[in-house]
Amino acid sequence: MSEQQALLVESAESIFESVGEATFAEAWTAVEDAGFGILLVDEASGGFGGDWADFYAVMREAGKRALPLPLGEMVLGTWCAHRAGLEAPPGMASIAVEVNGEVRDGHFSGVLQRVPWGRRVNAVVAVASGRAWVLPTHGARIEARTNPAGEPRDDLHFGKAAATPAAVDVDLWLCAALMRVGQMSGAADSALAMSVEHANSRKQFGRVLAKFQAVQQNLAVLAAEAAAVNSAGQAAALARDRDPAGDGAELEIAAAKLRANMAVGTVTSTAHQVHGAIGFTEEYPLHRLTRRLMGWRSEYGNDRYWAERLGVRVARLGGAGLWREITRRSDLA
Amino acid sequence: MSVFAIHRFATSTDAQALRAEVRAFLDENLPEANPARRTNCWAVLDPDFSRRLGEAGFIGMLWPKRYGGHERDPLERYVVLEELLAAGAPVGSHWIADRQTGPVLLRYGTEAQRRKYLPGMARGELYACIGLSEPGAGSDLANIRSTATRVEGGWRLKGQKVWTTNAHDAAVMLTLLRTEHGSERRHGLSQFLVDLDLPGVEVRPIVDLVGHHEFNEVFIDDAEIPEGALVGVEGEGWTQATAELALERSGPERYLSSHVLLASLIDAAGPEPDAVLAGVIGRLAAELWTLRQMSMSVAAKLASGEDPMVEAAVVKDLGNSYEQALPIAIQAALGSEAQLADGSALAGMLAMLLQSSPSFSLRGGTREIMRGIIARGLRLR
Ligand SMILES: Cc1cc2nc3c(=O)[nH]c(=O)nc-3n(C[C@H](O)[C@H](O)[C@H](O)COP(=O)(O)OP(=O)(O)OC[C@H]3O[C@@H](n4cnc5c(N)ncnc54)[C@H](O)[C@@H]3O)c2cc1C
């Protein structure tokens, strides 16, 4: 970890920790004041100049605390607008990668689907067919939806909203998948930490749960899964930074999001198993992590989506080609 | 909380060039083989291949030149190993000598021991085996009962080792014996080099469930070995053997030993597989890619001089599970029963791995033992 990244993680930790009980608006102000929005914008343009490894590290910290804010979406939206040469969206912003409708004669009519925190943000950066545009949300009709964690994933309906699209060459879906891997990795590590702590304090049969071999073995499996998610995520972020194949690290991010998705079942069920009934209550904070993991698993590509996309790509490489491709990419990275 | 410290993998020289070298070697030297013999390939013996590999400088890569080694860096060696495994090369003859016996001698052995064994090992001609397990000492290795007793000019050995892979092909066994009479558990154990042609040492085959002869029983009945056969410090055998296990468990063979099966599936599926097969291939590729990142990280940690015991246990456990799930997933996704017996390369490899993969989470320490190590990393025990 670079020194810059260590400082970044440290400040993310302390700010995310401090907003634990705050309202959405208060939390947002704290995070915005810290300047996370411009994380990926280069320094010459007044940004922080962070790379994808930095972004991944911050997303992990957010995931560890189940941060109830569209922080990663804001970072990606700001970056994307900047890349497109558009004015940075004012205030809180989210992203839309599923767009039903089009921009014609300077106006967007249609639906931005499943916009994270759509009802709370001021603007949305939408990307479709190689173009990006920014839409203020005040003109939208909001159809409220949520993911299993209760996080807003709203459909925003627009009728003839003024929009100035600009060409942009980013695969925002891929970047958003990497964002979720970071959050999932952080959440899995926290679920592990909570489970270990619980196993060390709760007593049954006159001993702490941690002394039962069955519990130890289950927690070891949970730890291995969490380690796999983070290993995959970090490697994918690094690959995105180096981009050895010039495709935005599509293969690495695909593999990482899929591996993260595959870990969710074991991570959530094991964490709950170790906790017993207390973990099934609203009051106990485990569900803030596990329900998010369940929701994030479907977002920006569920298992089937990435398995087929990756599988089709790998099939074209051929049997020997798969090995050649993954080694070539990591050697060059 | 995490039990897995991520270390950055970077070779000191151009990894692509080294890979090209290994691939060119394989193009020349990989023998035509029954496809099933490409799976689990680090258990497949081929002295001729090992000799040629040694000639090419791909054995003993880290060892000093004066012992026949090549003084390369550990991550270069890692690159060579993964290339050999991914190609399903028959590396079984020399694998143990190169991976652990040689390094143990460099760390603990005497000059005479190094001179006696290392050059032949590096040439790919002198092979070694691991004499740890006994009938009463499997997972519970500290329950070793075989003994070495001091006699005039050396030691007299008595006891029995079991599951000794390649003892029938190896010149020497690095073994752990009880040297302190009446000692218990981890105390009073010492490591020895036992030449397998000594009088009083008898190797008997054990045929495995596939019908192969890979492991053996080694009976030792009053065999006498010279003073100079003790490795390291008398009574320190447990600590030394534990260091050996770190080498045994941390390599790419713990996830890559049946990669040829996945490659064969991809070839059989063709460039435009249906959605079901594409999905299976995608999932397996994601696991493979992730395990490779983890395995490289373990190699990098080991290369930096740190002990990756817990991380290696994580990779071994996940890798064994992946390699066991691989044939199961492929069998489940194939079109028909006929495909399992159609004489194709895929069918041959699949049938072999369905049978042999249960052993992956036994050899080198069982799944439960690995998870116990991870649990210790979590400070649960
Ligand atoms: C293909 C193959 C090659 C091998 N090659 C070698 C070799 O070259 N040299 C060598 O020395 N050995 C070798 N072995 C032996 C191997 O190391 C042992 O099989 C292994 O350590 C397990 O010992 P065991 O077979 O006696 O099983 P046991 O120890 O009897 O275990 C049986 C089951 O009980 C479980 N168990 C045991 N103790 C515990 C515990 N405390 N907690 C929870 N579960 C437990 C185990 O995990 C396992 O599932 C080889 C084994 C195989 C399969």
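Residues numbered from 1 in each chain as written. Chains lettered and ligands numbered in written order. Predicted model: local features only at pLDDT ≥ 70, side-chain atom pairs only at ≥ 80, totals over all residues. Heavy atoms only, no water.

## Remarks on the site of the ligand
Turning to step 1, where the next piece is worked out: In the vicinity of the ligand lie 14 residues, with B:S133, B:S139, B:W163, B:T165 and B:T366 positioned nearest.
Turning to step 2, where the next piece is worked out: With respect to the ligand, its neighbouring residues span chains A and B.
Turning to step 3, where the next piece is worked out: B:I130 is positioned with one of its backbone polar atoms (N or O) 2.8 Å from a nitrogen atom of the ligand.
Turning to step 4, where the next piece is worked out: Here an oxygen atom of the ligand sits 2.7 Å away from a polar atom, N or O, in the side chain of B:S139. (Near = heavy atom within 4 Å. Polar contact = N/O pair within 3.5 Å; in protein donor to acceptor, adjacent residues only side chain to side chain.)

## Some remarks on the interface of chain A and chain B
Turning to step 1, where the next piece is worked out: The partner chain B presents 49 residues to the 53 residues of chain A that form the contact.
Turning to step 2, where the next piece is worked out: Counting each side, the surface lost to burial between chain A and chain B is near 4100 Å², with a carbon and sulfur contribution of 69%.
Turning to step 3, where the next piece is worked out: By the criterion of area lost to chain B, the three top residues of chain A are A:Q217, A:W323 and A:D331, representing 15% of everything that side buries.
Turning to step 4, where the next piece is worked out: Where chain A meets chain B, there are one salt bridge.
Turning to step 5, where the next piece is worked out: Of the charged contacts, one joins B:R19 and A:D331 as a salt bridge, the two residues approaching to 2.5 Å between their closest N and O atoms.
Turning to step 6, where the next piece is worked out: Our count for the chain A to chain B interface comes out at nine residue pairs in polar contact (both at pLDDT 80 or more). (Contact = heavy atoms within 4.5 Å. Buried area = accessible area lost by both parts, 1.4 Å probe. Salt bridge = Lys/Arg side-chain N within 4 Å of Asp/Glu carboxyl O.)

## Section: the environment of A:S201
Residue and element names in this part refer to chain A.
Turning to step 1, where the next piece is worked out: By the secondary structure assignment, S201 is in helix α5 (residues 172-201).
Turning to step 2, where the next piece is worked out: Considered as a pair, S201 and H82 are 119 residues apart in the sequence and their alpha carbons are 49 Å apart.
Turning to step 3, where the next piece is worked out: At 3.1 Å, the side chain of S201 and the backbone oxygen of E197 are in polar contact. (Helix = DSSP H or I, 4+ residues; strand = E, 2+ residues; numbered from the N terminus.)

## What about the packing of helix α6 (residues 213-242) of chain A against helix α9 (residues 275-303) of chain B?
Packed helices, taken two at a time, are described by the angle their axes make and the gap between the axes.
Turning to step 1, where the next piece is worked out: The interhelical angle for the contact between α6(A) and α9(B), taken along N-to-C directions, is 90°, at an axis separation of 9 Å. In terms of orientation, α6(A) and α9(B) fall into the roughly perpendicular class. Here α6(A) contributes A:A224, A:A227, A:A228, A:S231, A:A232, A:A235 and A:A236 to the contact with α9(B), which in turn contributes B:W289, B:T290, B:Q293 and B:M294. (Axes fitted to C-alpha atoms, helices over the stretch in contact; angles between N-to-C directions. Parallel < 35°, antiparallel > 145°, perpendicular 65-115°, else oblique.)

## Overview of the domain arrangement of chain A
All names here are of chain A.
Turning to step 1, where the next piece is worked out: With domains assigned, chain A is organised as domain 1 (3-167) and domain 2 (172-332).
Turning to step 2, where the next piece is worked out: Distance between the C-alpha centres of domain 1 and domain 2: 23 Å.
Turning to step 3, where the next piece is worked out: The partner domain 2 presents 30 residues to the 28 residues of domain 1 that form the contact.
Turning to step 4, where the next piece is worked out: When domain 1 packs against domain 2, close to 2500 Å² is buried across both sides, 62% of that on carbon and sulfur atoms.
Turning to step 5, where the next piece is worked out: It is W52, Y56 and R60 that lose the most area in domain 1 upon contact with domain 2, and together they represent 27% of the buried surface on that side.
Turning to step 6, where the next piece is worked out: In this structure, the connection of domain 1 to domain 2 is made through four salt bridges.
Turning to step 7, where the next piece is worked out: Linking R153 and E299 is a salt bridge whose minimum nitrogen-to-oxygen distance equals 2.8 Å.
Turning to step 8, where the next piece is worked out: At the boundary of domain 1 with domain 2, the tally comes to 16 residue pairs in polar contact (both at pLDDT 80 or more).
Turning to step 9, where the next piece is worked out: Listing elements by their share of the side of domain 1 that touches domain 2, those giving two or more residues are α3 (52-64) and α4 (71-83).
Turning to step 10, where the next piece is worked out: No other element matches α3, which puts eight residues into the side of domain 1 that touches domain 2. (Domains from an automatic or database assignment.)

## A look at the packing of aromatic side chains
Turning to step 1, where the next piece is worked out: Here the structure, examined in full by the defined rule, presents 16 aromatic pairs over all chains.
Turning to step 2, where the next piece is worked out: Consider the rings of A:W173 and A:Y300, whose centres lie 5.7 Å apart with planes at 80°: the pair is edge-to-face. Taken together, the positions of A:W173 in helix α5 and A:Y300 in the loop between α8 (286-298) and α9 (303-317) put the pair 127 residues apart, joining distant regions of the chain.
Turning to step 3, where the next piece is worked out: Between B:W163 and B:F215, the ring centres sit 5.1 Å apart and the planes meet at 55°, which makes this aromatic pair tilted. Of the two residues, B:W163 is situated in the loop between β3 (154-162) and β4 (172-178) and B:F215 in strand β7 (residues 213-226); the sequence distance between them amounts to 52 residues.
Turning to step 4, where the next piece is worked out: Given the relative accessible area of 24%, B:F215 is considered partly exposed.
Turning to step 5, where the next piece is worked out: Through a chain of ring-to-ring contacts, three or more aromatic side chains come together here, namely A:W173, A:Y300, A:Y305 and A:W306.
Turning to step 6, where the next piece is worked out: For the cation-ring pair, A:R120 lies above A:F24, with the distance from its terminal atom to the ring centre recorded as 4.4 Å.
Turning to step 7, where the next piece is worked out: A cation over a ring is seen here: B:R292 above A:W323, with NZ or CZ 5.3 Å from the ring centre. (Phe/Tyr/Trp six-rings, centres within 6.5 Å; stacked < 30°, edge-to-face > 60°. Buried < 20%, exposed > 50% of the residue type's maximum accessible area, 1.4 Å probe, protein only. Lys NZ or Arg CZ within 6 Å of the ring centre and 35° of its normal.)

## What to know about the domain arrangement of chain B
Residue and element names in this part refer to chain B.
Turning to step 1, where the next piece is worked out: Each assigned domain of chain B is listed here: domain 1 (15-127), domain 2 (130-236) and domain 3 (240-377).
Turning to step 2, where the next piece is worked out: Summarising the inter-unit geometry, the C-alpha centres of domain 1 and domain 3 are found 21 Å apart.
Turning to step 3, where the next piece is worked out: Each partner contributes to the interface: domain 1 provides 24 residues, whereas domain 3 provides 28 residues.
Turning to step 4, where the next piece is worked out: Linking domain 1 to domain 3 there are two salt bridges.
Turning to step 5, where the next piece is worked out: Its salt-bridge partner being E82, residue R292 comes within 3.0 Å of it at the nearest N-O pair.
Turning to step 6, where the next piece is worked out: Our enumeration of links across domain 1 and domain 3 arrives at eight residue pairs in polar contact (both at pLDDT 80 or more).
Turning to step 7, where the next piece is worked out: Elements that contribute at least two residues to the side of domain 1 that touches domain 3 include exactly α3 (74-86) and α4 (92-108).
Turning to step 8, where the next piece is worked out: Its residues assigned to classes, the side of domain 1 that touches domain 3 shows 15 nonpolar, four polar and five charged. (Nonpolar A, V, L, I, M, F, W, Y, C, P; charged D, E, K, R; others polar.)

## Quick look at helix α7 (residues 250-275) of chain A
Residues and elements named next belong to chain A.
Turning to step 1, where the next piece is worked out: Here α7 spans 37 Å end to end across 26 residues, near enough to the 38 Å set by a 1.5 Å rise per residue.
Turning to step 2, where the next piece is worked out: Taking the largest bend as the criterion, α7 deviates by roughly 35°, centred on A263.
Turning to step 3, where the next piece is worked out: Burial within α7 is extensive, with 20 of its 26 residues counted as buried.
Turning to step 4, where the next piece is worked out: Positive phi appears at G276, one or two residues downstream of α7, with a value of about 70°. (Expected span 1.5 Å × (residues − 1). Bend = angle between axes of the 7 residues up to and from the residue.)

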